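Here's the letter readout for the chains.
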Amino acid sequence: MEGNPNCRQIDWDTNEEHLRAWELGRTGYPWIDAIMNQLRREGWMHHLARHSVACFLTRGDLYLSWEAGADIFSKYLLDADWAINAGNWQWLSASAFFSQYFRVYSPIAFGKQYDKNGDYIRKYVPALEKMPAKYIFEPWTAPIGVQKQAGCIVGVDYPKPIVDHSTIHKVNMARMKRAYELNKAMHTTTGVKRKA
């Protein structure tokens, strides 16, 4: 957030296509898409789900501004409160309050901890309703025969992943590290004391 001394200045990307895919639950990552579909449909989500989609949008995968995410949450959340929403987004994006930017939620592994069989995904991503549990978090890894049997061809009935989490999160961690270093240097020269 430019001009806010409490926020780290981070050179977030701008990508309207990725932002729209995230909002509409079309990222190609079933766990993320299910959460965003629940948000649009019901106006709420579990707090750990908020962690997942916020990290995915910002420092984890898409490297888009927390402000864009906060705006979308404000649009759909039944419990939307400007101050709480903004504070949570600053924290989850590691722009303020929280400095462990290297703790990235996997859009695959994190969901498996809480939805082992993919029931949550099946409920909120109907295209994957018949996908076997073995592939439901990563349907692009299912053999084409399995995809056909499930009635869901990745890239046709459900999108391919818009980014490769296994590589992009490392790139983004390096970008966050650089942003933290620049912010620390900026605050050292200005005499403003705060955690990097």
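Peer 1: A description of the packing of aromatic side chains should follow, citing residues and the corresponding values.
Peer 2: Within this structure, the stated rule accounts for 10 aromatic pairs. When the ring of tyrosine 120 is compared with that of tyrosine 124, the centres are 5.0 Å apart and the planes differ by 55 degrees; the resulting orientation is tilted. Taken together, the residues span about one helical turn, with tyrosine 120 and tyrosine 124 both in helix H7 (residues 119–124) at a distance of four residues. Through pairs of rings, three or more aromatic residues link up here, namely Trp22, Phe73 and Trp89.

Peer 1: Summarise the environment of alanine 86; cite the residues concerned and give the values.
Peer 2: By secondary structure assignment, the location of alanine 86 is in helix H5 (residues 82–92). Under the relative-accessibility criterion, alanine 86 is labelled buried at 8%.

Peer 1: Help me get a handle on the packing of helix H2 (residues 30–42) against helix H3 (residues 47–60), residues and values and all.
Peer 2: Helices that pack against each other are described as a pair by the angle of their axes relative to one another and the distance between those axes. In contact at an axis separation of 10 Å, H2 and H3 are set at 115 degrees when each is read in the N-to-C sense. Taken together, the axis directions place H2 and H3 in an arrangement best described as roughly perpendicular. Between H2 and H3 lies a crossing of left-handed hand. Between H2 and H3, the contacting residues are Trp31, Ile32, Ile35 and Met36 on the first element and Ala49, Ser52, Val53 and Phe56 on the second. Across the contact of H2 with H3, the residue classes tally to seven nonpolar, one polar and no charged.

Peer 1: Outline the nonpolar core, supporting the account with residue identities and numerical values.
Peer 2: Counting 49 residues, the largest nonpolar core has Trp22, Val53, Phe73, Trp89, Leu128 and Met131 as the members making the most contacts within it. No other element matches the six residues that H2 contributes to this core.

Peer 1: Give a detailed account of H5, specifying residues and quantitative values.
Peer 2: Those residues of H5 that fall on the buried side of the exposure criterion are Asn85, Ala86, Trp89, Gln90 and Leu92. Buried residues belonging to H5 abut helix H1 (16–23), H3 and helix H4 (66–76).

Peer 1: Can you tell me about the side chain of arginine 50, naming the residues and giving the values?
Peer 2: Counting through the fold element by element, arginine 50 comes out in helix H3. Residue arginine 50 is classed as buried on the basis of its relative accessible area, which comes to 16%. Looking at arginine 50, its side chain comes within polar contact range of the side chain of aspartate 79, at 3.1 Å.

Peer 1: So what about the environment of proline 132? Which residues, and what values?
Peer 2: Relative to the assigned elements, proline 132 resides in the loop between H7 and helix H8 (144–150). In this structure, the C-alpha to C-alpha distance between proline 132 and glutamine 149, residues 17 residues apart in sequence, is 9.7 Å.

Rules used in this analysis
- Residues numbered from 1 in each chain as written.
- Predicted model: local features only at pLDDT ≥ 70, side-chain atom pairs only at ≥ 80, totals over all residues.
- Heavy atoms only, no water.
- Phe/Tyr/Trp six-rings, centres within 6.5 Å; stacked < 30°, edge-to-face > 60°.
- Helix = DSSP H or I, 4+ residues; strand = E, 2+ residues; numbered from the N terminus.
- Buried < 20%, exposed > 50% of the residue type's maximum accessible area, 1.4 Å probe, protein only.
- Axes fitted to C-alpha atoms, helices over the stretch in contact; angles between N-to-C directions.
- Parallel < 35°, antiparallel > 145°, perpendicular 65-115°, else oblique.
- Left-handed = near helix turned anticlockwise from the far one by under 90°.
- Contact = heavy atoms within 4.5 Å.
- Nonpolar A, V, L, I, M, F, W, Y, C, P; charged D, E, K, R; others polar.
- Core = buried A, V, L, I, M, F, W, Y, C linked by side-chain atoms within 4.5 Å.
- Polar contact = N/O pair within 3.5 Å; in protein donor to acceptor, adjacent residues only side chain to side chain.

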